[in-house]
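Close look at the chain arrangement
For reference, the chains in residue letters:
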Amino acid sequence: MADETVNQGIPEPEGAAGIIETDYEIGQDNIETSIGPIKLDIHNPVFGVSAVMVILFVALALIAPEWSRETFLAIRDYVKSQFDWFFLLSANLFVIFALLLVVTPWGSVRLGGSEAEPDYSYPAWFAMLFAAGMGIGLMFFGVLEPVYYFGTPWGDQPLGGSLGIVDGVVADPAQVAEARRMAMAATIFHWGLHPWAIYAIVALALALFSYNKGLPLTLRSAFYPLLGERVWGFWGNVIDTLAAFATLFGLATSLGFGATQVASGLTDVFGAGNSEEGTRNFMGFLWGNTDASNDSSLLLVLIIAFITAIALISVIRGLDGGVKVLSEINMGLAGLLLFFVFFIGPTAVILSDFFGGIKAYAQEIVPLSNPFGREDTGFLHGWTTFYWAWWISWSPFVGMFIARVSRGRTVREFVVCVLLIPSLVCIFWMATFGGTAISQVINGGNESGVFQNVIEAYKPEISLFAMLGELPLASITSVLAVVLVIIFFVTSSDSGSLVIDTITAGGKVDAPVSQRIFWCIFEGGVAAVLLLGAAGTAGLDSLQAMVISTGLFFTAVLLVMCFAIFRGLMTERQEMK
Amino acid sequence: MFKKIMVPVDLAHVGSLDRALACAADLAAQHGAEIVYVGVTAPTPGAIAHSPSEFAAKLAEFAAGQASQHGVTTTSHMVQSHDPAVDIDKSLLKAVADTGADLVVMHSHKPGLSDYIFEGHGPYLAQHAKASVLLVRD
């Protein structure tokens, strides 16, 4: 039978590639069975252990909300403050390593063998990696972060020593200019090369070991150079299980928080009633009141259900029919909003923030990324380390997804398109949204909506709508923004379900569709259950803190991946000669 | 009557295809037709092969094995799909057109509850393909 031909010799991928000879057959540890009409093809024990761990942690957060919140926040703060140097040092290393790949001869290695052809066109590829990577973060932080740095003395000292707003009044022009410059530099620092280098390392390691070395598309494969055949055993299971676990909780908690942003947006645009009197509502669901204790968590659950339902349709339609289409729609709408704000907002100022921002970024990147002897610990622990841990805990998901769609690209092309171009787009986005918002604060002072919702009161989920509210056609752009936030969550949710399914199926991408449906619903279910629990968003807080703490573990994973990429590319180069 | 018979095969579950394979071989011998075995794969390494080119080689090997076992002329045709779990129906439909087959012989399970939710691959082809379709039940 043809089954027996599986082990007879391994022809190369398309063209030269340094395939790894191993007796491991993809799917050999899988359990193939069916429960009633539902077929399953799952990795034992990764699928079971990840699912049970998720349920246990959700139960813990519901049964002992106070205890788990305090414990997980304490762990997160410990990780952020004690290992700040480790995060910063590693992230710097990732950037340098990725940039080196562009200029060295290794850059010419092609993912999938020397004659492989790209699976996706540039626009489709780019849309997918952006939508999965950070789309939703741009919507949330685009206005918030630059304005926050500009106008508040957060942490233990204002960044760079200059504050744009002093005692609720706009400072003198020289101080404003300096505060603006530093606000752009610091924001770009968090959204530029470092996060994309983190994603690029994971994606490149997985793509290389899968497409060129013939190992399954799952996290453990990048550990082959270090662990050898042991990677198929206990340690490989640990790595994959933690990756599935971090991905699921990362998605579920941000889905929960995202629902609050959608609810705020909907209430902002379509709401009625008075927030002071506690009657502010969206279609009868109380939301956005000064006293939030009566705000409706049912509204949040309905939003989560809606997002999950669309994600489900997308997941069932698959990679090309669902995720790719949604990512492209997403990019189109995001581009529309971006260019609207760019042309209707203060265009010249935005351009100067863009080019000035790049210049300030270049000037400040060394002090901002310095791991040792820092005095600005408020900024360092509150923002930079938080972001680094967050990007890194998110990287198994985004990296796997990028790897899935990157076959056929050369390493050089890959790094340029995953590192440099997205960084530039993020800088432009931040200059457009942040620059417009800062100008509104400078011109409007405490009359401006952005001032009231970011500097005077801290309402992050309102910040984007406050900025759009001061531009023309606010009722249209705010609706567009709500739609965008929803679609970005849908694309995270569906691509996340594909990734978790692949990890928990031992690297098989053709496991039965019912499994992705399971993960997609599970993810929405976790978010909803946490919100409905007595702790409300506190439950989300504690589990998000736990996810961020896993960033420490995955930083070590990423360091090993750099080593793996180095070893892997060496053998590829030898094959090509 | 038939010149080219297309037989979709799942190389991971060849054991369950025996009846369909035998049926296709009988028909091919009777009509003097050629059989083309069609396999669908993702670009990622899978249970069968580490790369699409290896998959194509395995499929060709399978076709050769069938030729010597049943004494009929066989070829093979690989279809690459980004997401086979979802795209398999469309991939097979495209293969019917690409191979120019005038008959599709494929294995099909007995209809059950899940067929009310997910349409089977066989019924899909029967409904959409220009060629004749013969579904062989287990």
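The name that an unreviewed UniProt entry assigns to chain B is Universal stress protein, with the source organism given as Sedimentitalea arenosa. For the record of chain B, the UniProt heading Sequence similarities (unreviewed entry) holds the text "Belongs to the universal stress protein A family."

Chain A is annotated in an unreviewed UniProt entry as BCCT family transporter of Sedimentitalea arenosa. Taken from UniProt, the Sequence similarities (unreviewed entry) comment for chain A reads in full: "Belongs to the BCCT transporter (TC 2.A.15) family." What UniProt states about chain A under its Subcellular location (unreviewed entry) heading is, verbatim, "Cell membrane".

Here we come to the overall build of chain A. A tally of regular secondary structure across chain A gives 18 helices and six strands. Computed over C-alpha atoms, the radius of gyration of chain A comes to 24 Å, within 12% of the 25 Å expected from 2.2 N^0.38 for 577 residues, which places it in the range of a compact globule. Projected onto the principal axes, the alpha-carbon positions of chain A cover approximately 75 × 55 × 40 Å. Residues counted as buried form 62% of the 577 residues belonging to chain A. Long-range contacts, defined here as pairs at least 24 residues apart, represent 80% of the contacts in chain A between residues at least 6 apart. Carbon and sulfur atoms make up 65% of the accessible area of chain A, which amounts to about 20200 Å² in all. If you average the places of the 25 positive and of the 47 negative side-chain charges in chain A, the two averages end up 7 Å apart.

We now examine helix H17 (residues 513–532) of chain A. With 20 residues, H17 of chain A should reach 28 Å at 1.5 Å per residue; the first-to-last C-alpha distance of 29 Å fits that figure. Of all 20 residues in H17 of chain A, 15 are buried; the element is thus mostly enclosed.

Our focus in this paragraph is the environment of Met184 of chain A. Residue and element names in this part refer to chain A. Relative to the elements of secondary structure, Met184 occurs in helix H6 (residues 173–191). For Met184, a relative accessible area of 1% corresponds to the buried category. When the C-alpha atoms of Met184 and Gly345 are compared, they prove to be 17 Å apart, with 161 residues separating the residues in sequence. In contact with Met184, not counting residues within four places along its chain, are Pro146, Asp353, Gly357, Met430 and Ala431.

All names here are of chain B. Here chain B averages 89 in pLDDT, and 93% of its residues register 70 or above. Averaged pLDDT values for the elements of chain B fall to 88 in helix H4 (residues 121–128) and rise to 95 in strand E1 (residues 4–8). On the interface metric, ipTM, the complex scores 0.81, and its pTM is 0.91.

Residues and elements named next belong to chain A. Its boundaries defined by the atoms lining it, the second largest pocket holds a volume of some 990 Å³. Lining the second largest pocket are 34 residues, with Phe140, Phe141, Phe257, Phe386 and Gln544 positioned closest to its centre. Elements represented by at least two residues in the lining of the second largest pocket include exactly helix H2 (65–82), helix H4 (122–133), helix H5 (135–151), helix H9 (234–270), helix H12 (377–404), helix H16 (474–504) and helix H18 (537–576). Among the elements that take part in the lining of the second largest pocket, H12 stands out by supplying seven residues, more than any other.

Residue and element names in this part refer to chain A. Per-residue confidence for chain A gives a mean pLDDT of 89, with 96% of residues at or over 70. Mean pLDDT in chain A bottoms out at strand E1 (residues 30–35), which sits at 82, and peaks at helix H3 (residues 84–103), which reaches 96. The model gives residues 1–12 a pLDDT under 50, and that stretch makes 29 contacts with residues more than four places away or in other chains.

Residue and element names in this part refer to chain A. With 17 residues, H5 extends 25 Å from end C-alpha to end C-alpha; this agrees with the ideal 24 Å at 1.5 Å per step. The largest bend along H5 measures about 50° and falls at Phe141. In terms of burial, H5 is a largely internal element, 16 of the 17 residues being buried.

Let us now look at the side chain of Asn237 of chain A. Residue and element names in this part refer to chain A. Tracing the backbone through its elements, the reader meets Asn237 in helix H9. Given the relative accessible area of 14%, Asn237 is considered buried. Apart from the residues within four sequence positions on either side, Asn237 is in contact with His43, Pro45, Val46, Arg220 and Trp232.

With that settled, the discussion passes to the nonpolar core. Residue and element names in this part refer to chain A. Phe414 and Met467 are the most contacted members of the largest nonpolar core, which totals 202 residues. Examining the composition of this core, we find that 17 residues originate from one element, helix H10 (residues 297–344), more than from any other. Discounting chain neighbours no more than four positions away, the residues touching Met467 are Val143, Val341, Phe433, Thr436, Ala437, Gln440 and Val450.

Residues and elements named next belong to chain A. Sheet topology places E1 next to strand E2 (residues 38–43); six bridges connect them, and they run antiparallel. Across the sheet, the residue bridging to Glu32 is Asp41, located in E2. If you look at the hairpin formed by E1 and E2, you'll find two residues sitting between the two strands, and Gly36 has a positive phi there, around 60°.

Here is what the cut-offs are and how they apply
Residues numbered from 1 in each chain as written. Chains lettered and ligands numbered in written order. Predicted model: local features only at pLDDT ≥ 70, side-chain atom pairs only at ≥ 80, totals over all residues. Heavy atoms only, no water. UniProt positions renumbered as here; feature names shortened; annotations may be inferred. Helix = DSSP H or I, 4+ residues; strand = E, 2+ residues; numbered from the N terminus. Rg over C-alpha atoms; globule rule 2.2 N^0.38 Å. Buried < 20%, exposed > 50% of the residue type's maximum accessible area, 1.4 Å probe, protein only. Contact = heavy atoms within 4.5 Å. Areas by Shrake-Rupley, 256 points an atom, 1.4 Å probe, with all protein chains shown as cover. Lys, Arg positive; Asp, Glu negative; His and termini not counted. Charge placed at Lys NZ, Arg CZ, Asp CG, Glu CD. Expected span 1.5 Å × (residues − 1). pLDDT = per-residue confidence, 0-100. 1 Å grid on protein atoms, 1.4 Å probe; cavity = no way out; pocket = protein on both sides within 12 Å on 5 of 7 lines; lining within 4 Å. Points joined across faces, edges and corners; volume = space filled by probe spheres on them. Bend = angle between axes of the 7 residues up to and from the residue. Core = buried A, V, L, I, M, F, W, Y, C linked by side-chain atoms within 4.5 Å. Pairing = 2+ DSSP bridges.

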